[in-house]
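Notes for the structure review
The primary structure of each chain is shown beneath.
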Amino acid sequence: MAIPYGHQSINDDDIASVVEVLRGDWLTMGPVHAAFEAALATLAGTTDALAVTSGTAALHCAYVAAGVGPGDEVVTTPMTFVATAATAALLGATITFADIDGVTRNIDPAAVEAAMTERTKVVAAVDYAGHPADLDELLEIAHRHGALLLEDAAHSIGSVYRGRPVGGIADMTEFSFFPTKNMTTGEGGALLSTDPGLVDRVRRFRGQGMIPDRSQMRRRDEGGWFQEVHSFGINYRLPDILSALGLSQLARLEAFKARRTAIYDRYNAALSDLDGVGLPAKRDDVDPMWHLYPIRIRDGQRKRVYNAMRERGILVQVNYIPVYWHPVFEDMGYRRGMCPVAELFYEEELSLPMYVELTDADQDHVIEVLRGAVA
Ligand SMILES: *Cc1c(COP(=O)(O)O)cnc(C)c1O
């Protein structure tokens, strides 16, 4: 049987939570959605969290709330999923890619500093593989230039940066609950912010632009049925059916983290002597919840090792194609060679299977096949 690179963990409690919502009155906009948002806020130590239909939706909301539009610039990393940049480009922003740090694979604060202009509205950092970006340094740079820091924490719910949980550190933080991520709602995501004004704008945008609070209406005396829209929005609400799964998964997050840490440690111990293979590195001031186990296959062997492992049913992955290599960016004039550290990392990167239900026996098999492939 094939071993995927990532997979969800669903237990009987998760299933029972979803069934309970299905038997109840509120499939969406109900108390379980609110409870999931409250639990996310508690986890991150923020006052608000907004659950939405995907991580991509959360990123879109964040850029809208930041007021990103034509003429604005967004500085981000090429070592991410395309959505980090695409959702800002869709709003008309110009994307500037800043190269990554050679150790963490996260955006390099020095490269960000060099990329900032008076038009930069948002710096979007990604916690690659679960390792938090250099958030304090990035916050300082962004704020000094009048920009906001958006943390794409699609990989890193459960991670800790300098003693603080990811989610309440950057101006805005996005989570994804896609099945391969650290916890899942099938499709889903969340946007957290430390700024009530940003939260308010996200809440309106994800709810068709409706004013959620009567006290903010222009005409309060029309009647109880009255609604107002002050700016256009769309519908990104996460239904209660999926919020129930999220709430149940959130209760398992610490157990998920323990298992992912054990898998990470076992890979480190088993692979440290392998010639031509580089292992992931970690800064001392972070406690990551590892989403990926990204290794480097040196000497131009990555493609061969990828194919050899896939042939043996080990569905290794490559994270990520440098974002500006996508033809959509190429057609706008972006060229290969812009971020050499990221490109070299891409040429060598291979993500080994990493998920809660990967057994020790599965992992031993992955290790054995990898050893055979690089020999
Ligand atoms: C998964 C992911 C996203 C998008 O999340 P979806 O929930 O799939 O829309 C964005 N950024 C990164 C880094 C991701 O890994």
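Residues numbered from 1 in each chain as written. Predicted model: local features only at pLDDT ≥ 70, side-chain atom pairs only at ≥ 80, totals over all residues. Heavy atoms only, no water.

**Quick look at the overall build of the chain**
Scanning the chain for helices and strands turns up 13 helices and 13 strands. Relative to a compact globule of 375 residues, whose C-alpha radius of gyration would be 21 Å, the chain shows 21 Å and is just as compact. Its C-alpha atoms give the chain principal-axis dimensions of roughly 75 × 50 × 40 Å. Within the span of the chain, comprising 375 residues, buried residues form 53% of the whole. Restricting the contact set of the chain to residue pairs at least 6 apart, pairs at least 24 apart contribute 71%. (Helix = DSSP H or I, 4+ residues; strand = E, 2+ residues; numbered from the N terminus. Rg over C-alpha atoms; globule rule 2.2 N^0.38 Å. Buried < 20%, exposed > 50% of the residue type's maximum accessible area, 1.4 Å probe, protein only. Contact = heavy atoms within 4.5 Å.)

**Regarding the domain arrangement of the chain**
Looking at the chain, the domain boundaries give domain 1 (3-250) and domain 2 (253-374). Taken together, the contacts link 46 residues of domain 1 with 49 residues of domain 2. Buried surface at the junction of domain 1 and domain 2, both sides included, amounts to about 4100 Å², of which 61% is carbon and sulfur. By the criterion of area lost to domain 2, the three top residues of domain 1 are Ile3, Tyr5 and Phe97, representing 20% of everything that side buries. In this assembly, domain 1 and domain 2 are joined by three salt bridges. Where Arg283 meets Asp134, a salt bridge forms, and the shortest distance between an N and an O atom there is 2.5 Å. Taken together, the connections running from domain 1 to domain 2 amount to 23 residue pairs in polar contact (both at pLDDT 80 or more). At the level of secondary structure, the elements contributing two or more residues to the side of domain 1 that touches domain 2 comprise strand 3 (94-97), strand 6 (160-161) and helix 8 (240-250). (Domains from an automatic or database assignment. Buried area = accessible area lost by both parts, 1.4 Å probe. Salt bridge = Lys/Arg side-chain N within 4 Å of Asp/Glu carboxyl O. Polar contact = N/O pair within 3.5 Å; in protein donor to acceptor, adjacent residues only side chain to side chain.)

**A short note on the sheet that holds strand 6**
A sheet is described by the order of its strands in space; here three strands give the open sequence 7-6-11, paired in antiparallel fashion. Looking at which strands have only one partner, the edges of the open sheet turn out to be strand 7 (164-165) and strand 11 (286-287). Sheet topology places strand 6 next to strand 11; two bridges connect them, and they run antiparallel. Bridge assignment links Tyr161 to a residue of strand 11, and that residue is Val286. (Pairing = 2+ DSSP bridges.)

**Regarding the packing of helix 1 (residues 12-23) against helix 8**
Relative orientation of the contacting elements helix 1 and helix 8 amounts to 150°, with a least axis distance of 8 Å. When the axes of helix 1 and helix 8 are compared, the pair comes out roughly antiparallel. Here helix 1 runs over helix 8; the crossing is right-handed. Facing helix 1, whose interface residues are Asp13, Asp14, Ser17, Val18, Val21 and Leu22, helix 8 presents Asp240, Ile241, Ala244, Leu245, Ser248 and Gln249. Here the contact of helix 1 with helix 8 is built from residues that sort into six nonpolar, three polar and three charged. (Axes fitted to C-alpha atoms, helices over the stretch in contact; angles between N-to-C directions. Parallel < 35°, antiparallel > 145°, perpendicular 65-115°, else oblique. Left-handed = near helix turned anticlockwise from the far one by under 90°. Nonpolar A, V, L, I, M, F, W, Y, C, P; charged D, E, K, R; others polar.)

**Points about helix 7 (residues 196-206)**
Leu198, Val199, Val202, Arg204, Phe205 and Arg206 are the residues of helix 7 that are buried. Contacts from the buried residues of helix 7 go to helix 2 (31-44), strand 1 (48-52), helix 3 (55-65), strand 5 (148-152), strand 8 (172-176) and strand 9 (189-193). Positive backbone phi, at 60°, marks Gln208, one or two positions downstream of helix 7.

**What to know about the packing of aromatic side chains**
Applying the stated rule across the entire model yields 13 aromatic pairs. Centroid distance Tyr264 to Tyr293: 5.6 Å. Interplanar angle 70°. Geometry classified as edge-to-face. Note that Tyr264 is positioned in helix 9 (residues 253-271) and Tyr293 in strand 12 (residues 293-297), a separation of 29 residues in sequence. In this structure Tyr264 comes out as buried when scored by relative accessible area, which is 7%. (Phe/Tyr/Trp six-rings, centres within 6.5 Å; stacked < 30°, edge-to-face > 60°.)

**Some details on the site of the ligand**
Within the structure, the ligand sits among 15 residues, and Gly55, Thr56, Asp152, Ser176 and Lys181 are positioned closest to it. Within the backbone of Gly55, a nitrogen or oxygen atom sits 2.8 Å from an oxygen atom of the ligand. Interatomic distance of 2.6 Å between a side-chain N/O atom of Thr56 and an oxygen atom of the ligand. Out of a free accessible area of 380 Å², the ligand has 92% covered by protein chains. (Near = heavy atom within 4 Å. Areas by Shrake-Rupley, 256 points an atom, 1.4 Å probe, with all protein chains shown as cover.)

**Things to note about a nonpolar patch on the surface**
Residues Ile10, Ile15 and Val19 make up a contiguous nonpolar surface patch of about 220 Å² in total accessible area. You can see Ile15 is positioned in helix 1. (Patch = residues over 30% accessible without salt bridge, like charges linked within 9 Å, V, L, I, M, F, W, Y side chains within 5 Å.)

**Thoughts on the pairing of strand 2 (residues 73-76)**
Burial of the side chains of strand 2 extends over both faces: Glu73 and Val75 are buried on one face and Val74 and Thr76 on the other. Inspection of the sheet shows strand 2 paired to strand 3 by four bridges, in the parallel sense. When the sheet's bridge partners are listed, Val74 is paired in strand 3 with Ile95. Handedness of the crossover joining strand 2 and strand 3 through helix 4 (residues 83-89): right-handed. In this sheet, strand 4 (residues 120-126) lies alongside strand 2 in parallel orientation, the contact comprising four bridges. Bridged to Thr76 within strand 4 is Ala124. (Right-handed = clockwise from strand over helix to strand, strands pointing away.)

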